[in-house]
Amino acid sequence: MAAERLVVIGGDAAGMSAASQARRLKGPEELEIVAFERSGFTSYSACGIPYWVGGDVPERDDLIARTPEEHQERGIDLRMRTEVTELDVAGRRVRSRDLASGAEEWTSYDKLVIATGARPVRPALPGIESPGVHGVHTIDDGRALLDSLAAAGRRRAVVVGGGYIGIEMAEALLGRGFEVTLLTRGAQPMHSLDPDMGDRLTGAMERSGIRVVTGAEVTEVLTGDSGRVRAVAAGSTEYAADVVVLGLGVTPGTDLARAAGLPLGASGGLLTDTSMRVRGHADIWAGGDCVEVLDLVSGRHRFIALGTHANKHGQIIGSNVAGGYGTFPGVVGTAVTKVCETEVARTGLTERQANEEGLQYVTATVESTNTAGYYPGAALMTVKMLAERRTGRLLGVQIVGGAGAAKRIDVAAVALTARMTVEQMTALDLAYAPPFSPVWDPVLVAARKAVSKVRAAG
Ligand SMILES: Cc1cc2nc3c(=O)[nH]c(=O)nc-3n(C[C@H](O)[C@H](O)[C@H](O)COP(=O)(O)OP(=O)(O)OC[C@H]3O[C@@H](n4cnc5c(N)ncnc54)[C@H](O)[C@@H]3O)c2cc1C
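It should be emphasised that the depicted structure is a prediction, and the values quoted were computed from it without experimental measurement. (Residues numbered from 1 in each chain as written. Predicted model: local features only at pLDDT ≥ 70, side-chain atom pairs only at ≥ 80, totals over all residues. Heavy atoms only, no water.)

> Quick rundown of the packing of aromatic side chains? Include the residues and the values.
Within this structure, the stated rule accounts for one aromatic pair. An angle of 70° between the planes, with centres 6.4 Å apart, marks the rings of phenylalanine 41 and tyrosine 44 as edge-to-face. As far as burial versus exposure is concerned, phenylalanine 41 and tyrosine 44 are alike and both buried. Directly above the ring of tryptophan 106 sits arginine 93, whose terminal nitrogen or CZ lies 3.8 Å from the centroid. (Phe/Tyr/Trp six-rings, centres within 6.5 Å; stacked < 30°, edge-to-face > 60°. Buried < 20%, exposed > 50% of the residue type's maximum accessible area, 1.4 Å probe, protein only. Lys NZ or Arg CZ within 6 Å of the ring centre and 35° of its normal.)

And the structure:
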């Protein structure tokens, strides 16, 4: 019998990273680890679902990093298709239900990790549960969508939602030979970009063959005689659809935590300290899409559901649970995606966010190329930079462009983390050779322009 028992709720990125790291640091005689996962999959990449649906990733199993059996072999008692239905903080125990048999039991813990992820937004619109309407949150969702694509009579797809999942799914459906219409209620896809950069993305999507409809608030899903979807209505306008994919964002999956009285932030995500310990609870940790993170640029806690954070949280939690030490200082809001040939990236604050924070800033936008202009295949890229007025501190960067453009955002993410000024950025020793960049990398050109604008603004 182990000295202590760790219970983990949620068996994907954050939960199984935590369990695996704890197991690396403590053997089964010191720490028993019991993990509950309500679905049939563990340690899988939801991030890869668009590329599996689009056909770039051939097999479902390519998305699975570790099977339940592999976790079991490493001494983690992973209980699949078992849902935790109640958390009794005072009694230090969780109630679980085996979804196949319906059997329920209580399991006590010494230490608890909550890694319940996020819940996809699915508004209660008429017809939204009809055959042919799909979310893309889980592997099961991806499988159902692929079956639905095969069953669709004609090849017209509507994607509802212009976030990164919406635009990745638009590309995937295009790849499957569908005519794709993307509906977004905002003025542009990717609300996390400024409108001028969003317009560049919209143009690129339309050139790739995706019809983008902005200002479209979906009101109903319409079905044909068979009961299957036939159109999506946005007010009085109908968009014909043989398949509909929903990408309407997510909210923190914190029902259990809320019912147990654990502290939640304004967006409904769990509040933790920098060691990922739930505030006010010495033996409970939480990470991944069910928590809020500190935005180092604005100083606010925000809900940002990304796998990159979930994996880091899990590893830090696993270390701390096992008596080690790790902290998660926060994020700068870095994200990257692509649609067909066009890459998109952002970090830090947009103009809207900077205004919300009461910051005065200048912007510098430069058009350049991803390689030396004369190099075969050179593609356009645009970099937009925000710097604080007077101090010149970097506040944010957005990039839209061809292959190789987007990962340049990492330079900006490092500069933001280090609280560099745009002047300091101009001196960065960034790599150059014609196949990779112009002699002045577009990020450096944007920084130089931003320096001039900061000086001019006084
Ligand atoms: C289509 C798609 C594309 C994405 N692309 C990217 C990307 O390119 N880059 C990026 O950084 N992020 C991406 N993400 C986000 C990323 O997948 C998530 O941020 C990440 O999976 C979060 O990990 P998590 O462990 O917090 O939550 P999840 O992966 O959601 O895992 C939570 C798990 O907990 C289980 N669970 C919940 N409640 C219970 C309960 N009561 N009992 C038992 N089990 C429970 C769930 O079944 C689930 O398996 C993408 C997401 C999707 C859907």
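> Which residues make up helix H10 (residues 409–417), and what values do they have?
Regarding H10, the residues found buried are Ile409, Ala412, Ala413, Ala415 and Leu416. Looking straight down H10, one finds its buried side chains confined to an arc of 165°; they lie on one side. In H10, the exposed positions angled more than 90 degrees off the buried face are occupied by Val414 and Thr417. For H10, the secondary structure elements touched by its buried residues are strand S22 (342–348), strand S25 (394–401) and helix H11 (422–426). Arginine 419 lies just past H10 and shows a positive phi near 55°. (Helix = DSSP H or I, 4+ residues; strand = E, 2+ residues; numbered from the N terminus. Arc of directions from axis to C-beta. Contact = heavy atoms within 4.5 Å.)

> I'd like a description of unusual backbone geometry, backed by residues and values.
Most peptide bonds adopt trans geometry, and most residues besides glycine take a negative phi value. The backbone of arginine 92 shows a phi angle near 50°, a positive value even though the residue is not glycine. Within the secondary structure, arginine 92 sits in the loop between strand S4 (82–88) and strand S5 (93–98). By relative accessible area, which is 34% here, arginine 92 ends up partly exposed. Non-glycine residue methionine 276 carries a positive phi angle of around 70°. Inspection of the secondary structure assignment puts methionine 276 in the loop between helix H7 (255–259) and strand S18 (284–286). Given the relative accessible area of 2%, methionine 276 is considered buried.

> Go over the site of the ligand, please, and point to the residues and values.
Close to the ligand lie 29 residues; Asp12, Ala14, Glu37, Asp289 and Leu306 are nearest. Within the side chain of glutamate 37, an N or O atom sits 2.6 Å from an oxygen atom of the ligand. Here threonine 308 contributes a backbone N or O atom positioned 3.3 Å from an oxygen atom of the ligand. With the chains in place, 90% of the 990 Å² that the ligand exposes on its own is no longer accessible. Looking at side-chain class alone, the shell around the ligand contains 16 nonpolar, eight polar and five charged residues. Of the residues that make up the shell around the ligand, three or more belong to each of domain 1 (4–118 + 251–321) and domain 2 (133–248). (Near = heavy atom within 4 Å. Polar contact = N/O pair within 3.5 Å; in protein donor to acceptor, adjacent residues only side chain to side chain. Areas by Shrake-Rupley, 256 points an atom, 1.4 Å probe, with all protein chains shown as cover. Nonpolar A, V, L, I, M, F, W, Y, C, P; charged D, E, K, R; others polar. Domains from an automatic or database assignment.)

> Would you mind going over the sheet that holds strand S7 (residues 111–114) in detail, with residue names and values included?
Spatial ordering of the open sheet is given by S3-S2-S1-S7-S18, a layout of five strands whose pairing is parallel. Where the open sheet ends on each side, the last strands, each with one partner, are strand S3 (77–80) and S18. Taken pair by pair, the neighbouring strands of this sheet meet at an average axis angle of 15°, ignoring direction. Pairing of strand S2 (residues 31–37) with S3, which is carried by four bridges, proceeds in the parallel orientation. Bridge pairing in S3 places alanine 35 opposite leucine 78. Contacts between helix H1 (residues 13–25) and the sheet are confined to strand S1 (4–9), S2, S3 and S7, with S2 contributing the most and set at about 165° to the helix. (Pairing = 2+ DSSP bridges. Axes fitted to C-alpha atoms, helices over the stretch in contact; angles between N-to-C directions.)

> For the domain arrangement of the chain, give the residues involved together with the corresponding values.
Looking at the assigned domains, one finds that the chain contains domain 1 (4–118 + 251–321), domain 2 (133–248) and domain 3 (343–456). The interface is formed by 16 residues belonging to domain 1 together with 16 residues belonging to domain 2. Taking both sides of the interface into account, the surface hidden between domain 1 and domain 2 amounts to around 1400 Å²; carbon and sulfur atoms contribute 67%. Where domain 1 meets domain 2, there are two residue pairs in polar contact (both at pLDDT 80 or more). (Buried area = accessible area lost by both parts, 1.4 Å probe.)

> Before we move on, could you go through the sheet that holds strand S21 (residues 335–339) and cite the residues and values that matter?
As summarised here, the arrangement of the five strands in space is S21-S22-S25-S24-S23, forming an open sheet in which the pairing is antiparallel. At either end of the open sheet lies a strand with only one pairing partner, and these are S21 and strand S23 (361–369). With direction set aside, neighbouring strand axes in the sheet form an average angle of 10°. Against the sheet, H10 engages S22 and S25, with an angle of about 175° to S25. Here helix H12 (residues 442–457) sits on the sheet in contact with S23 and strand S24 (380–388), set at roughly 150° to S23.

> So what's going on with the pairing of S25? Residues and values would help.
The buried fraction of S25 amounts to eight of the eight residues, a majority that puts the element mostly inside the structure. Here S22 pairs with S25 via six bridges, running antiparallel. Note that in S25 the partner of threonine 347 across the bridge is valine 397. Both S24 and S25 contribute to a ladder of seven bridges, which runs antiparallel. Counted as the bridge partner of threonine 382 is valine 400 from S25.

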